[in-house]
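One letter stands for each residue in the lines below.
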Amino acid sequence: MSSLSARPQYSLVGLPLPHESAALHVTGEALYTDDLVVRTRDVLHAWPVQSPHAHARITDLRMKPAYDVPGVVRVLTGEDVPGINDAGVKHDEPLFPTEVMFHGHAICWVLGETLEAARLGAAAVEVEYEELPSLITVREAIAAGNFQGTGRHLQNGDVEGALSDAAHVFSGEFEFAGQEHFYLETNAALALVDEAGQIFVQSSTQHPSETQEIVAHVLGLASHAVTVQCLRMGGGFGGKEMQPHGFAAIAALGATLTGRPVRLRLNRTQDVTMTGKRHGFHTEWRAGFDDDGHLLALDTTITADGGWSLDLSEPVLARAMCHIDNGYWIPNVRVDGRIAKTNKTSQTAFRGFGGPQGMLVVEDLLGRCAPLLGYDAMELRRRNLYQAHHDTPYGMPVRHAERLEACWSEVLETSEVEQRRADIEQFNASHANTKRAVAMTPVKFGISFNLTAFNQAGALVHVYKDGSVLINHGGTEMGQGLHTKMLQVAATTLGVPLARVRLAPTRTDKVPNTSATAASSGADLNGAAIKNACEQIRERLEQVAGGKLGIGAHDVRFADGIVRGLSFDGESLTWEEVVHAAYFQRVQLWAAGFYRTEGLHWDANAMRGEPFKYFAYGVAASEVEVDGFTGAYTLRRVDIVHDVGDSLSPLIDIGQIEGGFVQGAGWLTLEDLRWDESDGPNRGRLATQAASTYKLPSFSEMPEVFNVRLLEKAHEDGAVYGSKAVGEPPLMLAFSVREALRQAAAAFGPAGTSVNLPSPATPEAVYWALDRARSGQPDTVQLNGQLNGVEPARLSGV
């Protein structure tokens with residue numbers, strides 16, 4: 001067992017503690033970025049002027065009418081930028097564009113004494129456009145050959161040979177939608193400038209260091225002149241990894257030019273229409289099976305809808321390609337990936353970061369092919385699961401593959417799946433217009449950033465003379481419980497009660513050059529950095545305590561604020577006494593910690609290597625009931641067993657599993673982004689701009705029975721206190737819901753019916769799928785006589 005993963009006998013990690021800000025959340029006392037406005041004097045408010053066209057050239061911009069509006073102070077345009085007019089890291093996202101690239105693109109910003117003054121001023125700005133041709137759908141971009149970034153190719157084995165030898169070959173085409181983050185707190189920033197010209201930005205951002213960099217290069221300053229702080233976020237889900245930078249830069253630019261604080265907070269419609277989503281994908285595939293149902297080969301081309309700029313589309317595509325296998329061993333694989341450029345918001349990170357999109361491809365083809373092969377879908381999946389000796393298509397050994405089988409077996413046993421399947425069969429036989437189904441799907445998700453350099457973290461830990469402890473780290477809190485875990489890690493390492501430790505807000509002037517809180521790596525990276533800093537301090541205090549106790553430093557033990565010798569039966573000291581003595585011996589009581597993930601190597605061009613520290617595993621069984629008259633459905637029961645290693649904080653982890661599952665179910669079954677694809681004046685406009693038109697999961701979509709268990713005896717050597725990441729992997733457990741809906745729709749037809757189910761599988765889509773099944777129609781995707789963005793799938797056995 002590594003020193004990083006070893007737990008002391010008396011440990012605060014592993015205890016089921018509530019979220020550190022839970023009481024503040026439910027009482028409304030928790031402060032968010034925009035709450036700071038009322039504590040700040042003379043604040044100006046920002047409002048955007050948005051484009052009504054999907055693609056157009058700006059031919060004239062008249063700002064004078066805005067200045068005629070009472071309360072308007074300044075209109076910000078590209079001419080005001082002293083540095084680089086760009087909000088991204090790829091230099092393809094002009095902060096003030098001369099060519100608008102999507103409906104809702106911000107052209108300029110108006111600053112007003114009040115929000116209403118800024119809004120009216122923005123409405124008064126006069127803009128003339130020259131409309132240009134636009135590409136709205138990924139299919140239009142493919143047809144036009146309009147791609148961006150670098151395409152990738154991943155290959156392992158002899159795909160053509162395996163397909164030629166396979167007993168059964170199927171081909172298909174599949175397009176599935178993106179997803180709106182819909183965090184409770186929209187994007188917000190508050191910028192101030194001090195007497196020395198230092199910029200201080202409060203930002204709702206998952207990546208403060210990158211927000212700092214973008215603000216600095218827009219203002220033409222060095223990074224040390226900009227400080228970014230993130231108190232906490234009301235949700236992020238990846239949507240605040242890249243998107244907040246430009247908004248922070250606007251606020252900072254306004255503050256610099258006016259000398260007054262500037263607040264920028266998007267309302268819900270602005271946030272939905274201006275910020276990126278989960279990438280939708282289009283895929284074409286061929287798959288070969290042997291007579292025993294083993295998946296021999298997969299050949300696929302996947303196209304990500306990147307929107308108007310690159311953002312994070314390249315690493316999202318790479319992760320999708322690396323997760324095309326999900327939990328299944330496929331000896332021969334070929335994946336070609338590319339990024340379409342469309343006139344939509346620039347699609348960005350979203351929980352799972354491309355992994356869900358890649359995994360959905362193999363789950364969809366297994367669900368469609370199982371009945372044509374004569375296999376139960378559950379059995380087909382289980383016989384294709386990874387085994388201990390297998391490698392991934394990109395050459396990484398699948399360590400602890402036995403945990404997939406362990407999760408699968410535990411779900412089967414604890415949720416009585418076999419008995420319930422028999423009950424479902426009886427129910428379906430006696431109910432012509434209502435059908436039930438239960439499906440099981442696995443998850444194998446790689447943990448680490450795709451870009452190896454991002455797998456590092458820092459921390460700063462202070463011990464004060466009175467024995468109180470303050471920790472700073474580079475991770476941000478967005479409700480996921482990261483700070484709770486970090487408090488437990490610090491208290492455990494130092495051997496002090498949790499009440500002695502406080503955590504400071506995330507700031508770039510405390511811990512520099514941090515990576516985004518993303519890739520499910522927040523606890524792994526920052527926890528290890530905090531542990532490193534605390535160990536440095538503890539080792540110094542061991543010398544002090546050993547001298548006072550008359551024992552060797554290596555025999556000193558810290559636990560629950562008491563310092564004793566190894567035997568625990570001699571003299572003892574309090575933590576405070578040791579700290580006090582250390583101060584008077586001039587012993588350093590603070591430390592900067594650092595951690596870098598070891599063992600990673602990745603060739604992005606060859607798509608080969610070991611890009612992940614480990615895999616997180618899980619299995620879910622979901623049971624649904626579908627109404628044959630409307631396609632409406634109920635999620636009756638969900639059973640999950642998930643691998644989080646030795647949990648740092650079980651209540652936090654169970655909450656993450658539940659929340660991730662529900663968010664995944666929303667993506668796959670409810671959340672239907674609709675852009676206007678017509679040639680009319682609203683072409684490219686996002687029609688689903690609010691909760692009234694964009695259906696989010698709510699209490700009514702929660703399963704009646706929801707059982708979540710953490711896999712036991714799952715210690716992960718080489719990770720902080722033996723834990724594993726939990727943020728993203730549970731989202732993909734929701735594949736079981738979509739597969740259960742497919743099977744329930746198929747139950748309306750004869751045995752062996754293969755159902756092609758759109759994603760999202762809305763009640764309308766489920767109705768048409770079950771209607772085709774019971775009428776014996778060919779496997780096509782058709783809603784109200786219109787193709788629902790998906791051509792008829794070519795699914796045939798050879």
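In what follows, the structure referred to is the one given above.
Residues numbered from 1 in each chain as written. Predicted model: local features only at pLDDT ≥ 70, side-chain atom pairs only at ≥ 80, totals over all residues. Heavy atoms only, no water.

A. How the structure looks around unusual backbone geometry. The step from S759 to P760 runs through a cis peptide bond, and the omega angle for that step is 10°. Residues other than glycine seldom take positive phi values, yet F353 does so here, at roughly 55°. Within the element layout of this structure, F353 appears in the loop between β15 (332-340) and α10 (355-373). Looking at F353, the relative accessible area reads 12%, which means it is buried. (Helix = DSSP H or I, 4+ residues; strand = E, 2+ residues; numbered from the N terminus. Buried < 20%, exposed > 50% of the residue type's maximum accessible area, 1.4 Å probe, protein only.)

B. Spotlight on the packing of helix α6 (residues 208-219) against helix α7 (residues 244-258). Relative orientation of the contacting elements α6 and α7 amounts to 45°, with a least axis distance of 9 Å. With respect to α7, the element α6 is oriented oblique. For the crossing formed where α6 meets α7, the hand is right-handed. For the pair α6 and α7, contact is made by E210, T211, I214, V215, V218 and L219 and by H245, A248, A249, A252, L253 and T256, respectively. (Axes fitted to C-alpha atoms, helices over the stretch in contact; angles between N-to-C directions. Parallel < 35°, antiparallel > 145°, perpendicular 65-115°, else oblique. Left-handed = near helix turned anticlockwise from the far one by under 90°. Contact = heavy atoms within 4.5 Å.)

C. A look at the sheet that holds strand β19 (residues 501-503). A sheet is described by the order of its strands in space; here four strands give the open sequence β19-β18-β17-β24, paired in mixed fashion. The sheet terminates laterally at β19 and β24 (590-596), the two strands that pair on one side only. Here the average twist between neighbouring strands, direction ignored, is 20°. (Pairing = 2+ DSSP bridges.)

D. Representation of the pairing of strand β14 (residues 295-305). Counted residue by residue, β14 has nine buried out of 11 residues, so it is predominantly covered. Here strand β13 (residues 281-289) runs beside β14; their pairing, made up of nine bridges, is antiparallel. Paired with G288 across the two strands is A297, which belongs to β14. Counted between consecutive antiparallel strands, the loop separating β13 from β14 contains five residues, among which G293 sits at a positive phi close to 80°.

E. Molecular detail of the side chain of D653. Locating D653 in the fold gives a position in helix α17 (residues 650-669). Among residues more than four places away in sequence, those in contact with D653 are K485, V644, S647, L648 and V726.

F. Layout of α10. Its 19 residues give α10 an end-to-end C-alpha distance of 27 Å, which sits within 8% of 27 Å, the value for a rise of 1.5 Å per residue. The buried count for α10 comes to 17 of 19 residues, which makes it a mostly enclosed element. G374 sits one or two residues past α10 and shows a positive phi near 80°. (Expected span 1.5 Å × (residues − 1).)

G. How the structure looks around the packing of aromatic side chains. Considering all chains together, one arrives at 16 aromatic pairs under this definition. When the ring of F170 is compared with that of F289, the centres are 6.0 Å apart and the planes differ by 70°; the resulting orientation is edge-to-face. Of this pair, F170 sits in strand β8 (residues 168-176) while F289 sits in strand β13, and the two are 119 residues apart along the sequence. Ring pairing ties together the aromatic residues Y394, W602, F612, F615 and Y617, which thus form one cluster. The cationic tip of R436 hangs over the ring face of F427; the distance from NZ or CZ to the ring centre is 3.7 Å. The ring of Y583 is capped by K465, whose NZ or CZ atom sits 4.7 Å from the centre of that ring. (Phe/Tyr/Trp six-rings, centres within 6.5 Å; stacked < 30°, edge-to-face > 60°. Lys NZ or Arg CZ within 6 Å of the ring centre and 35° of its normal.)

H. Quick peek at the sheet that holds strand β21 (residues 557-559). Pairing is antiparallel in the open sheet, where three strands are placed in the order β21-β22-β23. Unpaired on one side and paired on the other, β21 and β23 (573-574) mark the two borders of the sheet. Pairing of strand β22 (residues 562-564) with β23, which is carried by two bridges, proceeds in the antiparallel orientation. Note on β23: the bridge partner recorded for V563 is L573.

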